[in-house]
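# Per-entry structural report
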Amino acid sequence: MKVLLASDGFVTDDVLRTAMSAAAPEAQLAAIASTWPVPPYGDVGEVREAAGDEDELVAALRGCDVAFSHTFPFTRKVIEACPDLKMIAICRGGPVNVNIEAASDHGVLVSYAPGRNAVATAEHSVGMILAAMRQIPQRNAELLAGQWRSDYYIFDNVGLEVGSSTVGVIGYGAVGRRVAHIMASFGGDVLVHDPWAADRSGEGVAFVDTLEELLRRSDIVTLHARATPDNHHMIDAEALALMPANSVFVNCARGELVDYDAVCDALDSGHLFAAGFDVLPAEPLPLDHRLMSTSRVVLTPHLAGASKEAARLAARIGAADIAAFIRGERPAHLANPNAFERK
């Protein structure tokens, strides 16, 4: 069985090789690499968030049974040009850079790595909550610029404490669950809204039936939902108006979930105390966007899920699925399980 390691600057060739050596040392390996994340990914053909050249990928896949990748574009063009290809293992929580329909049409299995960056994203989300609440980046920048301002001790200028706040967590998946438990361990009263959560366990966590109730009761709101056509701009001006005055809002999920102009309006009016975002309305964010000039906003460039262990875990999950396929077993994390049933 020949496996193409299609690496990049995050899930590197060494990371993929280490995982494959442990899971399937008998596999024959070939290699190709892109320079992602520099430049950043984008749409390639009909697939999203991809990086790399289709023709170069097709050439590298000749004679390969399996592609093991993170960001390369597995478009219909690529899949149709590679008759030897039987499986694509993607080191991501969702294989958005693969045309699943085309893969299924050609009997190609597609696996992915759910939860690979859940710990990294949860930890970053907690950091963003704390940074926004206490305005840590802003105070650091002022101090480095030679400003020592004592007026931040004025009552109206100081921030919240998690331990005396109600924290609203929207979404109770792999990331939201971790954030909820960390916030509870800080002493916060944690409310969760997720109508699709099957497991509602968790010490110090209470579920509410509606998003509106969560927003009304929460001093801090952190968003951890998947983006769907039904929840575009689920946090808009009307939703933000439900939140208590001087509350904090953080989004490390997906930019499509939030109306950022409405957030800027709420910050400018003083209704929101602060906000923090790792996902943005445009990436990269234009320098003239309102978020760049609105006070009390903490921003990071979509890197919440970026940790060394996230890359290693993604590779281990993918390698385990490839090893199962080599043994003739069903891989554990298939995006198109019907393709396996047809084999």
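Look above for the structure.
This report concerns the structure included in the present document. (Residues numbered from 1 in each chain as written. Predicted model: local features only at pLDDT ≥ 70, side-chain atom pairs only at ≥ 80, totals over all residues. Heavy atoms only, no water.)

We now examine the state of the cysteines. Per the stated rule, a full pass over the model turns up zero disulfides. With no disulfide of its own, Cys 252 lies 16 Å from the sulfur of Cys 264, the closest cysteine sulfur. (Disulfide = S-S within 2.5 Å.)

The seven strands lie next to each other as β10-β9-β8-β11-β12-β13-β14, forming an open sheet whose pairing is parallel. Of all strands in the sheet, those bounded by a partner on one side alone are β10 (205–207) and β14 (297–299). Strand-to-strand twist in this sheet, taken as the mean axis angle between neighbours without regard to direction, amounts to 15°. Here three bridges tie strand β9 (residues 189–193) to β10, and the two strands are oriented parallel to one another. Note that in β10 the partner of Val 192 across the bridge is Phe 207. Lying over the sheet, helix α10 (residues 260–269) contacts β12 (247–251), β13 (272–277) and β14, oriented at roughly 145° with respect to β13. (Pairing = 2+ DSSP bridges. Helix = DSSP H or I, 4+ residues; strand = E, 2+ residues; numbered from the N terminus. Axes fitted to C-alpha atoms, helices over the stretch in contact; angles between N-to-C directions. Contact = heavy atoms within 4.5 Å.)

A word on the pattern of salt bridges. Inspection of every chain in the model, using the stated rule, returns 18 salt bridges. Between Arg 48 and Glu 49 there is a salt bridge, with the nearest N and O atoms lying 3.4 Å from each other. Classification of Glu 49 by relative accessible area gives buried; the value is 11%. Note that Asp 268 is salt-bridged to Arg 290, the shortest N-O span being 3.1 Å. With Asp 268 in helix α10 and Arg 290 in the loop between β13 and β14, this pair connects stretches of sequence that are 22 residues apart. Sharing partners across several salt bridges, the network here consists of Arg 48, Glu 49, Arg 92 and Arg 254. (Salt bridge = Lys/Arg side-chain N within 4 Å of Asp/Glu carboxyl O. Buried < 20%, exposed > 50% of the residue type's maximum accessible area, 1.4 Å probe, protein only.)

Overall, parallel pairing links the five strands, which are arranged β2-β1-β5-β6-β7 in an open sheet. A single partner strand is all that each edge strand has here, and the edge strands are β2 (28–33) and β7 (109–111). Mean inter-strand twist for the sheet, computed between neighbouring axes without regard to direction, equals 15°. Of the strand pairs in this sheet, strand β5 (residues 66–69) and strand β6 (residues 87–90) are connected by four bridges, and their pairing is parallel. The partner of Val 66 across the bridge, within β6, is Met 87. Packing against the sheet, helix α11 (residues 308–326) makes contact with β1 (2–7), β5, β6 and β7, and its axis sits at approximately 170° to β5.

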